[in-house]
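Each chain, letter by letter, is given below.
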Amino acid sequence: MSQYVKKDDDLDEEAEYSPFSGIEKGAVLQEARCFNDAQIDSRRCSQVITKLLYLLNQGETFTKTEATEVFFSVTKLFQAKDPGLRRMTYLIIKELSPSSDEVIIVTSSLMKDMNSKTDVYRANAIRVLCRITDGTLLTQIERYLKQAIVDKNPVVASAALVSGIHLLQTNPEIVKRWSNEVQEAVQSRAALVQFHALALLQQIRQNDRLAVSKLVTSLTKGTVRSPLAQCLLIRYTSQVIRESSMNGQTGDRPFYDYLEGCLRHKSEMVIFEAATAITELSGVTSRELTPAITVLQLFLSSSKPVLRFAAVRTLNKVAMTHPMAVTTCNIDMESLISDQNRSIATLAITTLLKTGNESGVDRLMKQITSFMSDIADEFKIVVVYAIRSLCLKFPLKFRTLMNFLSNILREEGGFEYKKAIVDSIVTIISDIPDAKEAGLLHLCEFIEDCEFTYLSTQILHFLGIEGPKTSDPSKYIRYIYNRVILENATVRASAVSTLAKFGAMVDSLKPRIFVLLRRCLYDNDDEVRDRATLYLNTIGGDGSVVETDKDVKGFLFGPLDLPLANLEASLKNYEPSEEPFDINSVPKEVKAQPFAEKKSAAKKPTGLGAPPVAPTSTADSYEKLLLSIPEFSSFGKLFKSSAPVELTESETEYEVNVVKHIFDQHVVFQYNCTNTIPEQLLEDVTIVVDASEAEEFEEVAPKPLKSLPYGTPGQTFVEFEKPEGVPAVGKFSNVLRFIVKEVDPSTGEAEEDGVEDEYQLEEFEVVAADYMLKVGVSNFRNAWESLGPEFERVDEYGLGPRESLKEAVSAVINLLGMQPCEGTEVVAANSRSHTCLLSGVYIGNVKVAVRLSFGVDSAKEVAMKLAVRSEDAAVSDAIHELVAN
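Just so it is clear, the structure is predicted and the values come from calculations on it, not from any experiment.

## Things to note about the overall build of the chain
- A tally of regular secondary structure across the chain gives 37 helices and 17 strands.
- Projected onto its principal axes, the C-alpha coordinates of the chain cover approximately 100 × 90 × 70 Å.
- Expressed as a percentage of its 885 residues, the buried residues of the chain come to 48%.
- Sequence separation of 24 or more characterises 64% of the internal contacts of the chain that already satisfy a separation of 6 or more.

In structure tokens:
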């Protein structure tokens, strides 16, 4: 046994050994002196260059002097005739990137090699020259490069073409003059030359759509022989097809016949590239997909693992949007479940789960069961999420799929894997009512042996919400109380909260829960004891905390209508005193923007220095600022402050942004102004607002800014009246008006006389989203149910053609100005449907919850179902009216 261990140790040491370990820059630079020897030792010089290259690639920096010394020493190696050393010399010159005055020294040697009879020298000399040369020298060697492009030797031609691709980034005008030679190289019989020539020609013409289209048209007629170039041409063809569809071109899809013809090519890479291109076409039809699916199906039975992987991965993507088109491949994919390559097997299973029918679920689960023990957690997670989707697709099969998830939940696995299973079971319980009791029991059995504190607390939290709603809530109490006895303090505290929720929701369990909570008063952890005391007072009925059953349920189940980050900040700022902490003082805005966020980038003061001094950038700081101004102090509580809207471009003479402050009967525009001209002082600064396109607003009075010196931001305000509680909207035009005085740079004194001037600003709008606060909820389902169906309004809308489902979801979220919940703002790639949950508070402190269900068809037409619940029917109607308009 000891011999085997020793052998393994030796292997580990051998694996870690590096011939470069322990080398130091100073020692290598000393060795580099061998480049100056009268008799050059090619082998030794090559070894030293290798060490220098290693140091450079490891991020070692050479000083200017060191790099220059090495460079001049290396140039002497051109005297050696050894081909291997010459190639190493080319490499080190490229890596050293000599300066323009040093390049001249080596240019003659490189140009000599460029015209050498040795083709390897010529090709490498071209690469090095193009890497180190500048525009001036490039014009001198341009003639040689043009000749090299059409050279008979493919190595030389490819070197020149690849160099042209790199030079196009720095010297495009010169490279564009090579079009004729490059076009000639496209007809080359050498595969790599044709490939590189096509790549360069497309890049030269890439900004001219018509030229690219003509190039594709001419080459698709059969002049491309290289498989690599053919793959490149397929990609360019797909680009032309995509651009033509974006331009609204109707009728037959251009170049589709060419792509279909490539499916019969003798090269496998061309066939696969064409099949992939067809599957990725925008709005592809079943008829267009069929030939591509057929060739991919043939690849599934290939003896080459790379072809099997490529085919099943592409089919997996197609199954997301066209599952029925892939069903013909199901028998072939079932055989891949036992594939030795676990990546192929995982993709095969997830594709089958997307395309399988209800009758085949049981058979598929039996195959997957034996497979799961052989793959890593990262693959298992993919399978778990696919099973969850299948269960939601076929809800009648929930028992089979739930049992499978329960069984693998008890097996060995890491945190992310177990979390994926728990999340999937929770989703199934939430979406399939019949699965609730079985799913909750599976979760209860899992927490008996769960080693992850986070998962235990999450399961207990979910159990406290769903458990009391089942037909027999009492059967879960044993599992919950076992956590109080056997677990760590964090899980025990969570279990106490869950017990309290059962006691509040199920009257018949209240006496039993009361006894169990009293036992928790003797726990050795403060948190557990404090929770038990609180809940005993809450559900015990003595009225010390709450007064009614409705209050009890609201306290235990009600959503926290505050961002946790804001609550944490307010608690940290709270100074202990006789007055208790007031939770109503916590701002409800999810995110607040700094006043002068963009000014910091220009290294200018970010605080608003002119009086009145602006406090920090939170919502309550805005309110304190406005209350400190007598004209605004009678407006009542500030409902919302917007993020700053820029009214000028950055780096202009005067930079202005506006913050919209919304009150019940008023809107105050706070204009944050910065003077960026050192020689000027602005006085009597005011904003002249044209509200002709905002009929419901009536200007009351502006509050000018007395002085605006250079670099010190200041504020001026304009106040408008609007109908009480009405979400009035409109567009506002703005002109900055002021008296400008010249400032003496030497003394800093301003002249007494000034000149009236004005500066045109951008327009801005007050929109419906300005009357909605982004307020998140910790549990959307509870928030939705607490609002009840009384004022629910549901309707469906067509959103027209959209670039993607993600773009449609983002547009509606921005329109409503509400807070996405539970990460539902994230849309999966290639998804055909999506549900988004939003919450917020409408002006008048009316709570609102929104469910958005999106779907997109093959023509990218998006449909949306909008369900709104709120505390006021008028608000629910207003949300629908906003979307309808």
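There is more to say after this.
## Let's talk about helix H31 (residues 526-539)
- Between the first and last C-alpha of H31 there are 20 Å, a value that for 14 residues agrees with the 20 Å anticipated at 1.5 Å per step.
- Buried within H31 we find Val 528, Ala 532, Tyr 535, Leu 536, Thr 538 and Ile 539. Buried residues of H31, viewed axially, fall in a sector of 160°; they line one side.
- At the N-terminal boundary of H31, the capping side chain belongs to Asp 525, with an oxygen 3.0 Å from the backbone nitrogen of Glu 527.

## Description of the packing of helix H16 (residues 268-279) against helix H17 (residues 286-300)
- Put simply, H16 and H17 touch, their axes get as near as 9 Å, and they point 140° apart. Taken together, H16 and H17 sit at an angle that is classed as oblique. For the pair H16 and H17, the sense of crossing is left-handed. Across the interface between the two elements, Glu 268, Ile 271, Phe 272, Ala 275, Ile 278 and Thr 279 of H16 pack against Glu 288, Leu 289, Ala 292, Val 295, Leu 296 and Phe 299 of H17.
- Partitioned by chemical class, the residues of the contact of H16 with H17 number nine nonpolar, one polar and two charged.

## Here we look at the pairing of strand S9 (residues 730-742)
- Inspection of the sheet shows strand S5 (residues 680-693) paired to S9 by 10 bridges, in the antiparallel sense. Note on S9: the bridge partner recorded for Glu 683 is Ile 739.
- Where S9 lies against strand S10 (residues 755-760), six bridges are found, and the strand directions are antiparallel. Each residue of the ladder has a partner; that of Leu 736, found in S10, is Tyr 759.

## Remarks on the side chain of Lys 741
- As for its position among the elements, Lys 741 is in strand S9.
- A polar contact of 3.0 Å, which involves the side chain of Lys 741, links it to the side chain of Glu 683.
- Engagement of the side chain of Lys 741 in a polar contact is seen with the backbone oxygen of Glu 752, the distance being 3.2 Å.
- Residues within four places of Lys 741 in sequence aside, it is in contact with Glu 679, Gln 680, Leu 681, Glu 683, Ala 750, Glu 751, Glu 752, Asp 753 and Gly 754.

## Quick look at the packing of helix H18 (residues 305-321) against helix H21 (residues 342-355)
- Between H18 and H21, the shortest axis-to-axis distance is 9 Å and the interhelical angle comes to 25°. In terms of orientation, H18 lies roughly parallel with respect to H21. Crossing handedness for the pair H18 and H21: left-handed. Contact with H18, carried on its side by Pro 305, Arg 308, Phe 309, Val 312, Arg 313, Leu 315, Asn 316, Ala 319 and Met 320, involves Ser 343, Ile 344, Leu 347, Ala 348, Thr 350, Thr 351, Lys 354 and Thr 355 of H21 and no other residues of that element.

## Quick notes on helix H7 (residues 119-132)
- An ideal rise of 1.5 Å per residue puts 20 Å on 14 residues; H7 measures up with 20 Å between its terminal C-alpha atoms.
- The buried fraction of H7 amounts to 10 of the 14 residues, a majority that puts the element mostly inside the structure.
- All of the buried residues in H7 are Tyr 121, Arg 122, Ala 123, Asn 124, Ala 125, Ile 126, Val 128, Leu 129, Cys 130 and Ile 132.

## Regarding unusual backbone geometry
- One non-glycine residue, Asp 684, adopts positive backbone phi at about 50°.
- Within the secondary structure layout, Asp 684 lies in strand S5.
- Judged by its relative accessible area of 47%, Asp 684 falls in the partly exposed class.
- One non-glycine residue, Asn 845, adopts positive backbone phi at about 55°.
- Looking at the secondary structure, you find Asn 845 in the loop between strand S15 (833-842) and strand S16 (846-856).

## Concerning a negative patch on the surface
- Negative charge collects at one region of the surface, where Glu 679, Glu 742, Asp 744, Glu 749, Glu 751, Glu 752 and Asp 753 lie side by side.
- Tracing the chain through its elements places Asp 753 in the loop between S9 and S10.
- Exposure remark for Asp 753: the relative accessible area of 64% places this residue in the exposed category.

## Re the nonpolar core
- Judged by nonpolar contacts, the single largest core of 185 residues is most densely connected at Phe 35 and Leu 353.
- Apart from the residues within four sequence positions on either side, Phe 35 is in contact with Cys 45, Val 48, Ile 49, Leu 52, Ser 73, Val 74, Lys 76 and Leu 77.
- Among the nonpolar cores identified, the runner-up in size contains 63 residues, and Met 772, Leu 838, Val 875 and Ile 879 belong to it.

## Section: the environment of Val 162
- Of note, Val 162 is situated in helix H9 (residues 154-167).
- A relative accessible area of 15% places Val 162 in the buried class.
- Separated by 34 residues in the primary sequence, Val 162 and His 196 place their C-alpha atoms 6.5 Å from one another.

## Some details on the confidence of the model for the chain
- The pLDDT averaged across the chain works out to 83; a share of 90% of its residues lies at or above 70.
- Averaged over each element, pLDDT in the chain is lowest for helix H1 (residues 2-16) (43) and highest for H16 (93).
- Every residue in residues 1-15 scores below 50 in pLDDT, and together they form zero contacts with partners more than four places removed in sequence or on other chains.
- Here residues 591-617 scores under 50 on pLDDT; set against residues more than four positions off or in separate chains, the count is 58 contacts.

## Observations concerning the pattern of salt bridges
- In the structure shown here, the tally under the stated rule is 31 salt bridges.
- Residue Asp 151 is joined to Arg 122 by a salt bridge in which the shortest nitrogen-to-oxygen separation is 2.3 Å. Taken together, the residues Asp 151 in the loop between helix H8 (135-149) and H9 and Arg 122 in helix H7 connect sequence positions 29 residues apart.
- Residue Arg 363 pairs with Glu 334 through a salt bridge whose shortest N-O separation is 2.7 Å. Taken together, the residues span a long stretch of sequence, with Arg 363 in helix H22 (residues 361-372) and Glu 334 in helix H20 (residues 330-335) at a distance of 29 residues.

## A word on the packing of aromatic side chains
- As enumerated under the stated definition, the model contains 19 aromatic pairs in all.
- Ring geometry for Phe 78 against Tyr 90: centres 6.4 Å apart, planes inclined by 65°, an arrangement best described as edge-to-face. Of this pair, Phe 78 sits in the loop between helix H4 (64-75) and helix H5 (83-96) while Tyr 90 sits in helix H5, placing them 12 residues apart in sequence.
- Residue class for Phe 78 comes out buried when judged on its relative accessible area of 11%.
- Given the relative accessible area of 2%, Tyr 90 is considered buried.

About the thresholds
Residues numbered from 1 in each chain as written. Predicted model: local features only at pLDDT ≥ 70, side-chain atom pairs only at ≥ 80, totals over all residues. Heavy atoms only, no water. Helix = DSSP H or I, 4+ residues; strand = E, 2+ residues; numbered from the N terminus. Buried < 20%, exposed > 50% of the residue type's maximum accessible area, 1.4 Å probe, protein only. Contact = heavy atoms within 4.5 Å. Expected span 1.5 Å × (residues − 1). Arc of directions from axis to C-beta. Polar contact = N/O pair within 3.5 Å; in protein donor to acceptor, adjacent residues only side chain to side chain. Axes fitted to C-alpha atoms, helices over the stretch in contact; angles between N-to-C directions. Parallel < 35°, antiparallel > 145°, perpendicular 65-115°, else oblique. Left-handed = near helix turned anticlockwise from the far one by under 90°. Nonpolar A, V, L, I, M, F, W, Y, C, P; charged D, E, K, R; others polar. Pairing = 2+ DSSP bridges. Patch = residues over 30% accessible without salt bridge, like charges linked within 9 Å, V, L, I, M, F, W, Y side chains within 5 Å. Areas by Shrake-Rupley, 256 points an atom, 1.4 Å probe, with all protein chains shown as cover. Salt bridge = Lys/Arg side-chain N within 4 Å of Asp/Glu carboxyl O. Lys, Arg positive; Asp, Glu negative; His and termini not counted. Charge placed at Lys NZ, Arg CZ, Asp CG, Glu CD. Core = buried A, V, L, I, M, F, W, Y, C linked by side-chain atoms within 4.5 Å. pLDDT = per-residue confidence, 0-100. Phe/Tyr/Trp six-rings, centres within 6.5 Å; stacked < 30°, edge-to-face > 60°.

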